[in-house]
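Given next are the chains, with one letter for each unit.
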Amino acid sequence: MSFYKADTLNFIRKQTASRLWNATKVLSSYYATKWSRKPIQWGMPMTISVEPTTACNLRCPECPSGLRAFSRPTGNLKADFFRKSIDEIHKELMYLIFYFQGEPYINPNFLEMVKYASDKGIYTITSTNGHFLNEENARKTIESGLDRLIISVDGTTQKTYENYRKEGKLESVLQGASNIIKWKRKLKSKTPHTIFQFLVVKPNEHQIPDIYRLAKTMGIDEVKLKTAQVYDYQNGNPLIPENEVYSRYQKQEDGTYEIKNELLNHCWKLWHSCVLTWDGLVVPCCFDKDAIHRLGDLKEQSFREVWQNDAYQEFRTKLLKGRDQIDICKNCTEGCKVWA
């Protein structure tokens with residue numbers, strides 16, 4: 001893992017005694033659970049992902065937003081509801097991710113919410129497809145106090161880029177990234193830490209060296225390579241990279257594919273984080289894209305009530321008994337071996 005001094009120090013400076021104590025309780029309860037095989041949960045989530053919107057301007061082929069395939073309603077997170085939720089748990093949160101499904105910048109109040117969280121001393125992160133980073137939004141992004149900005153750049157030429165980012169324009173994305181760098185310098189800001197995220201798929205894997213060169217030329221702080229989740233992988237998929245280093249799947253002797261990671265019956269994500277949809281539903285993690293496993297509703301309960309309610313404990317118990325029996329876990333390669 002690369003070490004980025006300025007970003008790391010910024011993150012550390014935002015951690016308080018209450019946040020560190022909460023993290024200690026959460027980690028302890030996770031290990032106690034592994035030892036006892038019973039769902040023990042101390043503390044509050046160390047991080048949450050909030051969904052600014054389910055709307056998106058692109059049509060990426062493996063994304064429910066892009067496919068317009070949600071069974072749940074489409075909408076924007078309301079700023080007043082967001083503030084109410086954050087007021088309840090901000091003292092425990094080590095960081096906050098403004099992303100689940102959709103393009104965050106489509107929500108007209110998105111940067112207002114980022115600033116509210118930043119003013120609470122929370123380390124904030126968002127992920128964007130980069131098409132809305134015009135001069136005004138770039139300036140407001142810097143002024144909001146956003147700590148980390150992930151920009152999806154899945155190709156270094158338009159032809160390669162649009163293989164996955166359907167209806168996207170690489171030129172617009174790169175101009176948006178340039179606007180961010182320009183306003184960081186104008187406002188003499190060290191944040192946000194900028195990242196080009198490169199989703200590695202078969203059509204673009206040959207451009208991996210190019211994305212590193214492009215990021216360096218533009219003054220982007222970091223490049224992250226991300227493996228792609230595909231839904232129909234068993235018999236192969238044109239998006240699966242040839243180089244298995246960059247794939248979540250491996251080819252078997254009979255020509256079929258399987259997920260690389262073993263589905264162990266524990267998951268760090270269920271103990272330290274959760275996802276809040278735009279309309280107030282609490283779901284276990286980012287793999288529940290259609291919010292099938294609804295563990296609570298913040299319109300009806302407080303966050304603390306949801307975090308310890310019967311539905312949450314039942315889901316944790318089910319996971320401990322057989323993670324391979326939970327639909328959203330079957331295509332998951334995240335979180336299962338971090339603390340193994």
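Keep in mind that this is a model prediction, so the values were computed, not measured.

The rules behind each value
Residues numbered from 1 in each chain as written. Predicted model: local features only at pLDDT ≥ 70, side-chain atom pairs only at ≥ 80, totals over all residues. Heavy atoms only, no water. Helix = DSSP H or I, 4+ residues; strand = E, 2+ residues; numbered from the N terminus. Buried < 20%, exposed > 50% of the residue type's maximum accessible area, 1.4 Å probe, protein only. Contact = heavy atoms within 4.5 Å. Phe/Tyr/Trp six-rings, centres within 6.5 Å; stacked < 30°, edge-to-face > 60°. Lys NZ or Arg CZ within 6 Å of the ring centre and 35° of its normal. Arc of directions from axis to C-beta. Pairing = 2+ DSSP bridges. Right-handed = clockwise from strand over helix to strand, strands pointing away. Salt bridge = Lys/Arg side-chain N within 4 Å of Asp/Glu carboxyl O.

> So what exactly am I meant to see when it comes to the environment of Asn-235 here?
Positionally, Asn-235 belongs in the loop between strand E6 (222–227) and strand E7 (249–251). Residue classification places Asn-235 among the exposed residues on the basis of a relative accessible area of 70%. Between the alpha carbons of Asn-235 and Tyr-257 there is a distance of 6.2 Å; along the sequence they are 22 residues apart. Not counting chain neighbours up to four residues away, the residues in contact with Asn-235 comprise Thr-256 and Tyr-257.

> Any chance you could explain the packing of aromatic side chains here in plain terms?
Geometrically, a pair of aromatic rings is defined through the distance of the ring centres and the angle of the planes. For the structure shown, the criterion picks out 10 aromatic pairs. Centre to centre, the rings of Phe-82 and Phe-98 are 5.4 Å apart; their planes meet at 45 degrees, and the pair counts as tilted. Residue Phe-82 is found in helix H4 (residues 79–89), and its partner Phe-98 is found in strand E2 (residues 95–98); the two are separated by 16 residues along the sequence. For the pair Phe-82 and Phe-98, a shared accessibility class is recorded, and that class is buried. Centroid distance Tyr-233 to Tyr-249: 4.6 Å. Interplanar angle 20 degrees. Geometry classified as stacked. One end of the pair, Tyr-233, is in the loop between E6 and E7; the other, Tyr-249, is in strand E7, and 16 residues separate them in sequence. Joined through ring pairs, the aromatic side chains of Tyr-30, Tyr-31, Trp-268 and Trp-271 make up one cluster. Note that Lys-289 overlies the ring of Phe-287, its terminal NZ or CZ placed 5.2 Å from the centroid. Positioned above the aromatic ring of Trp-271 is the side chain of Arg-316, whose terminal nitrogen or guanidinium carbon lies 5.8 Å from the ring centre.

> Where do I start with H4 in this structure?
Residues three or four positions apart in an α-helix share a direction because the helix packs 3.6 residues into each turn. When H4 is considered as a whole, its buried residues turn out to be Ala-79, Phe-81, Phe-82, Ser-85, Ile-86 and Ile-89. Along the axis of H4, the buried residues cluster in a sector spanning 160 degrees; they form a single face. The exposed residues of H4 that point more than 90 degrees off its buried face are Asp-80 and Lys-84. Summarising the contacts, the buried residues of H4 are in contact with strand E1 (47–50), E2, helix H5 (110–119), strand E9 (273–276) and helix H11 (303–307).

> What should I look at first to understand the pairing of E6 in this one?
In this structure, strand E5 (residues 193–200) lies alongside E6, joined through 6 bridges in parallel fashion. When the bridges of E6 are listed, Leu-199 appears paired with Lys-226. With helix H9 (residues 208–218) bridging E5 and the parallel E6, this β-α-β connection has right-handed handedness.

> Sorry if this is basic, but what is going on with the pattern of salt bridges here?
A side chain with one charge can pair with a side chain of the opposite charge if their charged atoms come near. For the structure on display, the rule yields 17 salt bridges. Glu-92 serves as the salt-bridge partner of Arg-304, at 3.0 Å between the closest nitrogen and oxygen. Of the two residues, Arg-304 sits in helix H11 while Glu-92 sits in the loop between H4 and E2, which places them 212 residues apart along the sequence. Among the residues examined, Arg-304 registers a relative accessible area of 37% and is labelled partly exposed. Residue Asp-210 pairs with Arg-213 through a salt bridge whose shortest N-O separation is 2.2 Å. With Asp-210 and Arg-213 both in helix H9 and 3 residues apart, the pair spans about one turn of that helix. Given the relative accessible area of 26%, Asp-210 is considered partly exposed.

> Even after reading the chapter, I still don't get unusual backbone geometry, so can you show me in this structure?
Excluding glycine, residues mostly carry a negative phi; peptide bonds, for their part, are mostly trans. A cis amide bond links Thr-191 with the next residue in sequence, Pro-192, at an omega value of 0 degrees. For Arg-37, which is not glycine, the phi torsion reads 65 degrees and is therefore positive. Mapping Arg-37 onto the fold places it in the loop between helix H2 (17–36) and E1.

Spatial relationships are all this shows, so hold off on functional conclusions.
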